[in-house]
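# Fold and contact review
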Amino acid sequence: MQPLLHLENISKRYGAVRVLEGIDITVAGNEFLTILGPSGSGKTTILRIIGGFESIDGGRLMFEGRDLAAVPINRRPFNTVFQDYALFHHMTVAENVGYGLKVRGRPRAEIATRVAEVMETVGLAAFGGRYPAQLSGGQRQRVALARAIICEPRLILLDEPLSALDVELRAQMQRFLKSLQRRLGIAFVFITHDQEEAIALSDRIIVVNGGRIEQEGAPEQLYRRPHTPFTAAFLGENNLIAGTLAAVDGPLCAVDTPAGRLAATVDGPAPPTGSAVLVAVRPEHVRLDAAPMPGEGLTADVADVRFLGANVMIELRHAALPGALLKVRRLADGSAAGLVAGQRVGLSWSAGDAALLRAGPAPAAL
Ligand SMILES: Nc1ncnc2c1ncn2[C@@H]1O[C@H](COP(=O)(O)OP(=O)(O)O)[C@@H](O)[C@H]1O
Ligand SMILES: [Mg+2]
């Protein structure tokens, strides 16, 4: 099926500095797509390119198979919700929301009806007469959303719209955004540097790093099977153990590490045996036993047991893995009670819970 939007091999420079390279992204008509990456990775630049606020140095931007190069900003069927909301402070909420229809020259009665509908949609029906300064952060956020959806765009671009909100309001707005996207049945392209937010909201996540795409996929797929050390480390916590690929049997791999031979699972074709690889295991997937299982996993010494509320994090050291703290997460349900620093324990995991990563060098700076 033809995607709604396709960024084809986009590159971008600011002067001599390359900030995007080989960016290829498709967006389906009704999906919640998140671009996730650390600060400075190029997320805002990608969004500004889609919105038409920024030129490109290579590649094409296609909308329903049509090149957008010649389509000016105000004719693109998108709207942007900026990080700072960019509301007009001298206008009431209703005037802010109706602004897009007013500049399109729609009749007053139609604007009033649509504004009322959209304010209802975002749960602000009673606030039309207020000024932005008389609203809370979450309410201002909803005004910005109402203003973005009133012209019935096919796609909404959202640049870290929740980052200024406190934790509770943020969780509430996440639920609201997701349900709004479902109700409208349009595409959202959402930017965040927060991996939990990305996982909670998205149909699909694109991980960017240093102006390049690291990996893309459904949240669970990225979380369970990162392909690169960057993705493994950026999406939640991982134990990364370096070694050499010793044997491959279908998706199952054996990796020789300083701590012994470990099992892992590879997605797609495995690198040649002898390659430098990493085994990535989530702290919550590591089994912890009083004694090591024969021929399985490794032994390690408890270094610290930390109570984190719902969880307990157990940090361990292995003599052959200097500098690395292994992490095991347990529910704080008493199952980790009795563990003390210095105790020697056995760690193991299912091969299906360990991802094999190619250890290759980190991508060169652009
Ligand atoms: N107008 C600009 N001129 C020069 N460099 C810029 C400009 N805008 C962004 N950059 C640089 O481009 C890179 C990507 O920026 P940006 O897209 O804002 O990243 P993010 O949104 O992921 O934090 C950064 O190194 C930033 O300093
Ligand atoms: Mg940004």
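Before any of the text, the structure's been laid out above.
So, a few notes on the structure that sits alongside this text. Keep in mind it's a predicted model, so treat the numbers as computed, not measured. (Residues numbered from 1 in each chain as written. Chains lettered and ligands numbered in written order. Predicted model: local features only at pLDDT ≥ 70, side-chain atom pairs only at ≥ 80, totals over all residues. Heavy atoms only, no water.)

## Overview of empty space enclosed by the protein
One pass over the structure, following the stated rule, counts one cavity of 30 Å³ or more. The volume enclosed by the largest cavity comes to roughly 50 Å³. Along the walls of the largest cavity sit Asn 239, Ile 241, Val 286, Leu 298, Leu 326, Lys 327, Val 328, Leu 347 and Trp 349, which together make up its complete lining. Of all elements in the fold, only strand S11 (239-249) and strand S18 (326-331) reach the threshold of two or more residues within the lining of the largest cavity. With three residues, S18 is the largest single contributor of residues to the lining of the largest cavity. Of the residues that constitute the lining of the largest cavity, the class distribution is seven nonpolar, one polar and one charged. (1 Å grid on protein atoms, 1.4 Å probe; cavity = no way out; pocket = protein on both sides within 12 Å on 5 of 7 lines; lining within 4 Å. Points joined across faces, edges and corners; volume = space filled by probe spheres on them. Helix = DSSP H or I, 4+ residues; strand = E, 2+ residues; numbered from the N terminus. Nonpolar A, V, L, I, M, F, W, Y, C, P; charged D, E, K, R; others polar.)

## So, the site of ligand 1
Every residue lining ligand 1 is accounted for by Tyr 14, Val 19, Pro 38, Ser 39, Gly 40, Ser 41, Gly 42, Lys 43, Thr 44 and Thr 45. The contact in question runs from an oxygen atom of ligand 1 to an N or O atom on the backbone of Gly 40, over 2.7 Å. Interatomic distance of 2.5 Å between a side-chain N/O atom of Thr 45 and an oxygen atom of ligand 1. When ligand 1 is considered free in solution it has 560 Å² of accessible area, and contact with the protein chains removes 55% of it. Top contributing element to the shell around ligand 1 by residue count: helix H1 (residues 43-51), with three residues. Among the residues forming the shell around ligand 1, the class breakdown is three nonpolar, six polar and one charged. (Near = heavy atom within 4 Å. Polar contact = N/O pair within 3.5 Å; in protein donor to acceptor, adjacent residues only side chain to side chain. Areas by Shrake-Rupley, 256 points an atom, 1.4 Å probe, with all protein chains shown as cover.)

## As for the pattern of salt bridges
Applying the stated criterion across every chain yields a total of 23 salt bridges. The partner of Glu 54 in a salt bridge is Arg 48, and the shortest N-O contact between them spans 3.1 Å. Two residues, Arg 306 and Asp 304, come together in a salt bridge whose shortest N-O distance is 4.0 Å. On the accessibility criterion, Arg 306 (34% relative accessible area) is partly exposed. Taken together, the salt bridges that share partners define one network made up of Lys 12, Arg 48 and Glu 54. (Salt bridge = Lys/Arg side-chain N within 4 Å of Asp/Glu carboxyl O. Buried < 20%, exposed > 50% of the residue type's maximum accessible area, 1.4 Å probe, protein only.)

## Details of the nonpolar core
Ranked by size, the top nonpolar core spans 34 residues in total, and within it Val 97, Leu 145, Ile 156, Leu 158 and Phe 188 carry the most contacts. Counting only elements with at least two residues in this core, the list comes to helix H2 (93-103), helix H3 (108-121), helix H4 (137-149), strand S7 (155-159), helix H5 (167-184) and strand S8 (187-192). Looking at this core, the element that brings in the most residues is H4, giving six residues. Setting aside chain neighbours within four positions, we find Phe 188 in contact with Glu 31, Phe 32, Leu 33, Ile 156, Leu 158, Leu 177, Leu 180 and Gln 181. Val 279, Leu 298, Val 312 and Ile 314 belong to the second-largest nonpolar core, a separate cluster that totals 28 residues. (Core = buried A, V, L, I, M, F, W, Y, C linked by side-chain atoms within 4.5 Å. Contact = heavy atoms within 4.5 Å.)

## A short note on unusual backbone geometry
In this model, Glu 64 sits at a positive phi of 50 degrees, which is unusual for a non-glycine residue. Counting through the fold element by element, Glu 64 comes out in the loop between strand S4 (58-63) and strand S5 (66-67). Phi is positive for Glu 152, which is not a glycine, with a value near 50 degrees. Residue position: Glu 152 is located in the loop between H4 and S7.

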